[in-house]
Amino acid sequence: MAPDGNMTNGFKVVGTRPKRPDGIDKVTGRAKFGADATAPGMLHASIVRSPHAHAKILKIDTSKAEALKGVKAVVTRADFAEGLTGENWNILENVMASDTALYDGHAVAAVAATTALGARDAAKLIEVEYELLPHVTDVDKAMADDAPVIRAGAADKSVPEGLHPNVVRYHESGHGDVDKGFSEADLVVEDSFKTEATHQGYIEPHACLAQLGSDGKGEVWCCTQGHFNVQKVCAALVGTDSSQIRVTPSEIGGGFGGKTVVFIEPVALALSRKANRPVKLVMSRSEVFRATGPTASTSIDIKIGMTREGKITAAQGVFRLQGGAFPGAPMEFTAMCAFAPYSLENVHQVGYDVMSNRPKQAAYRAPGSPMAAFAVESVIDELCNKLDLDSIEVRLKNASKEGTKASYGPKFERIGLVETLEAAKAHPHLTSPLAEGQGRGVSCGFWFNHGGETAVSLALSEDGTVAISVGTPDIGGSRASMAQMAAEELGIPYESIRTTVADTATLGYNEISHGSRVTYASGLATIKAARDAVKKLCGRAAAKWGIDEDAVVWEDGCAKPSGPNAGDFEPLPLAKIARSMGRTGGPIVGHYEATPEGAGVSFATHIVDAEVDKETGQTKIVRYTVVQDAGKAIHPTYVEGQFQGGAAQGIGWALNEEYIYGEDGRLQNSGFLDYRIPVASDLPMIDTVIVEVPNPGHPYGVRGVGETSICPPLAAIANAVSNAAGVRLTELPMSPPRILAALDAQANG
Amino acid sequence: MSMIHVTTTVNGDEVEFLCDPRETLLDVLRDRLSLTGAKEGCGTGDCGACSVTVDDRLVCSCLMLGAEAEGKSIGTIEGMADGEALHPLQEKFIEYAALQCGVCTPGVLVATEALLKKNPDPTETEVRYWLAGNLCRCTGYDKIIRAVLDTAADLRKAS
């Protein structure tokens, strides 16, 4: 298979599109996901959850449940570690409430029984006495003077005096003088925006199978984006040592950030310890919606000044993020990403992390960035409309480049925003005619990407094939891309390499598969592990030939003398060296452990056409184009898949998806029927353009692609819808009722 | 609660099982027959990850009771390939990367096979509406739709 012509740079395997190693398992139903494991003597568990948004737990009576036939264990908060502090305390409080239920769906007890139905029956027999407390679920209301306090003393030192105790963290950043900048503008546009919480909507609910003995030794099988994190958290929450808990990750049925968090594994371990049997715990879809980690909801104010020529003179934003009943809403990311695409002399951003009676927010693909882009890029679109300027030209005029002082502080290294804008400008989509009732929107988006702790091991077999062990769960085809990078370095076929996501006992600590880091960091570690193995292979050849190690080079899968002066020897292929390795010094294993810090930030530009039915308020996406800088696309098909997936999730976020809480503080749409993610008939084909501006921090230039693709869609679609409807939409999702309300408001002046 | 004895056919093999009257067909397939290819994504018939055929009709196995399988012929993802030989849809899904995490894939494939049996020459719109009951959160459906349309074209050429 030849590499794609426009993406090669002397690569033989990188840039090609081989079949994924887990392909057959996944099309035949053989792949084992979280809920697909069983163990001898296994029990099934069920969790009892608060039906109230905020309530004191007065009493939990488990006696009737315990008396039910087949019930083997019941646990409450008393069965978990005591004396935890900091983030571990927060996680435990979320995993199992102590004295107060903080949101609808908060776990208060759990039961294990011999059958799944029996566990569910028993859960219904656990009687919990509550005293209802006042609640709040809206971000602006949670900051208001009269809002009930979720937890006094939760705020950290960053919060200025005089703010409500629900404001638990505060962020301020920027540079220049925004007042001076606004005074230099020909037009200043100011607007306020709101976005509702959405859910990652992975199709596989959280599931685990856990065993914990009275000796503190345990095993966990679960679907997670980060099994080393599961190990660490479980050990703390059940009170044992990390190294005594071995966690094996299953295939993961989607995560998108939502499976970076621990919810059920410590509960299964606590039940197992009590029952002395393995326990399987699988969430229902309703539990996933009510009690995992949706995004923050936001309330945002944006003010941008622009000259008649389209130069931005100043920009400022206030970003309020509601992150549920615990600190941690990603308001710094929102603030830092908001103006990152633009080179600004005067910029100022403020962030508030606000607690409310909702589940603790979790990451969802570029956490915090899409909402910022929605607000900022809407105002830029409005400025372009009012000043009659071309929206791509304005973005090009103000675009961040290498050397630009970023809105969040540092100077950008080599970045590819301009290249994505130029590619968008050249794309036929941008000049194609629009039909009646249609509007076009464009938007840029930004995400940092991440490195993080990484360990990879690469072992040679005697037959010349190679096994790679990585510690980052494969969430987007990374077993294929790791094998491609190793094949490139070693000079052996892709098919001769098998990548395994190894358990926590096999490798050093690996950070979670998040931050678009896997192809970057595990990829870098794989390349370096392969180079380590190559060095050892060259050493064996040197010893055989009786020459200096430095006189041996590795080319096309063979050790060769570095030149005529080194001697005249037949090249030694990898397989030949591997065959005799037992006699020439022992097993050959390359490895690499580090915390790579050269992750490359990435930008995207999206173009979208939307058609709005002004009678019904219904919106149809009729055309969509994603242009994104990948740095280097290792497997272009999977890169396209990330682009398309991010865009599709963005379409859902923009048009349909939202958490709807009733007056009683209960979630009203905890199922896929009412929380409607895009279905096949909602979407058009999604065109992709892969731009490659290499990241100097990776041997092949990889930036990571998973997250940036969800940054522009909310804004691009809002701009398309606003242009189609003739009225600016400032709240997400732009569901039919909101569009009709905006049209009515405009008609009524 | 007394169990119900059921005799049925799964992927061409006769099977017998005992089940609680409340157990769904999906529960039975996964927990009693160890056929874990069908997945429970919602339990309410919204996501299609549990799609199987019952007497050649496409159904969500989470919406049918195990006891209702008596005397029926059930088809699951485990029966789609002919031994080592993958079904052309399975081949094409791998080739086109029409799956990322793969958890919806068994349901999508079972649903698609049922579509092509009914309609060997579907339009893009027909494929999109047929698969509207199979949620995929990873791919944005683009590569799935292309894989289905191109497999259908291949099969028409071959027949």
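Residues numbered from 1 in each chain as written. Chains lettered and ligands numbered in written order. Predicted model: local features only at pLDDT ≥ 70, side-chain atom pairs only at ≥ 80, totals over all residues. Heavy atoms only, no water.

Visitor: Describe unusual backbone geometry, naming the residues involved and giving the relevant values.
Guide: In this structure, A:Pro733 follows A:Leu732 across a cis peptide bond, with omega equal to -5 degrees. In this fold, A:Pro733 is placed in the loop between strand 27 (731-732) and helix 19 (736-747). Residues other than glycine seldom take positive phi values, yet A:Asn449 does so here, at roughly 70 degrees. One can find A:Asn449 in the loop between strand 16 (438-447) and strand 17 (454-460). The exposure class of A:Asn449 is buried, given its relative accessible area of 8%. Positive phi outside glycine occurs at B:Asn11, with the angle close to 50 degrees. Structurally, B:Asn11 can be placed in the loop between strand 1 (4-10) and strand 2 (13-19). (Helix = DSSP H or I, 4+ residues; strand = E, 2+ residues; numbered from the N terminus. Buried < 20%, exposed > 50% of the residue type's maximum accessible area, 1.4 Å probe, protein only.)

Visitor: Tell me about the sheet that holds strand 23 (residues 589-594) of chain A, residues and numbers included.
Guide: Paired through their backbone hydrogen bonds, the strands of a sheet run either parallel or antiparallel. Residues and elements named next belong to chain A. Read from one edge of the open sheet, 4 strands run 19-18-17-23, paired in mixed fashion. Each having just a single partner strand, strand 19 (497-501) and strand 23 make up the two edges of the open sheet. Adjacent strand axes in the sheet meet at a mean angle of 15 degrees when their direction is disregarded. By the bridge criterion, 5 bridges tie strand 17 to strand 18 (residues 466-470) in an arrangement that is antiparallel. When the sheet's bridge partners are listed, Ser457 is paired in strand 18 with Ser469. In this fold helix 14 (residues 478-490) packs onto strand 17, strand 18 and strand 19, with an angle of close to 135 degrees to the strand it touches most, strand 19. (Pairing = 2+ DSSP bridges. Axes fitted to C-alpha atoms, helices over the stretch in contact; angles between N-to-C directions. Contact = heavy atoms within 4.5 Å.)

Visitor: Could you give an account of the pattern of salt bridges, with specific residues and numbers?
Guide: Enumeration according to the criterion identifies 54 salt bridges over all chains in this entry. Note that B:Arg30 and A:Asp36 form a salt bridge whose closest N and O atoms lie 2.7 Å from each other. Taken together, the residues span two chains, with B:Arg30 in helix 1 (residues 25-32) and A:Asp36 in the loop between helix 1 (23-28) and strand 1 (43-49). Like A:Asp36, B:Arg30 is buried. Across the pair A:Glu204 and A:Lys259 runs a salt bridge whose closest N-O atoms are separated by 2.8 Å. Placement of A:Glu204 in the loop between strand 8 (187-195) and strand 9 (207-212) and of A:Lys259 in the loop between strand 11 (245-249) and helix 8 (265-275) is noted, with a sequence separation of 55 residues between them. Among the ionic contacts, a cluster of salt bridges with common partners joins A:Arg20, A:Asp22, A:Lys26, A:Glu251, A:Asp474 and A:Arg479. (Salt bridge = Lys/Arg side-chain N within 4 Å of Asp/Glu carboxyl O.)

Visitor: Account for the domain arrangement of chain A, naming residues and giving values.
Guide: Residue and element names in this part refer to chain A. As far as domains go, chain A holds domain 1 (36-134 + 205-291), domain 2 (420-445 + 601-747) and domain 3 (451-594). Distance between the C-alpha centres of domain 1 and domain 3: 40 Å. Across the contact, 16 residues belong to domain 1 and 17 residues belong to domain 3. Among the residues of domain 1 in contact with domain 3, Gln225, His227 and Phe228 are the three that bury the most area, contributing 44% of the side total. Run the count over domain 1 and domain 3 and you get 2 salt bridges. The closest approach of N and O atoms between Asp503 and Arg246, which form a salt bridge, is 2.7 Å. Of all the secondary structure elements, the ones that give two or more residues to the side of domain 1 that touches domain 3 are helix 7 (227-238) and strand 11. Residue composition of the side of domain 1 that touches domain 3, by class: 5 nonpolar, 8 polar and 3 charged. (Domains from an automatic or database assignment. Buried area = accessible area lost by both parts, 1.4 Å probe. Nonpolar A, V, L, I, M, F, W, Y, C, P; charged D, E, K, R; others polar.)

Visitor: Give a description of the domain arrangement of chain B that names residues and reports values.
Guide: In many analyses, interface size is given as the accessible surface area lost on bringing the parts together. All names here are of chain B. Here the domain parsing of chain B yields domain 1 (4-79) and domain 2 (88-158). On the side of domain 2, 13 residues touch domain 1, which itself brings 13 residues to the contact. Of the roughly 940 Å² buried at the junction of domain 1 and domain 2 (both faces included), carbon and sulfur atoms supply 68%. Its largest share of buried area at the contact with domain 2, domain 1 owes to Cys47, Leu58 and Ile77, together 46% of the area lost on that side. Connecting domain 1 to domain 2 are 0 salt bridges. Joining domain 1 to domain 2, the criterion identifies 4 residue pairs in polar contact (both at pLDDT 80 or more). (Polar contact = N/O pair within 3.5 Å; in protein donor to acceptor, adjacent residues only side chain to side chain.)

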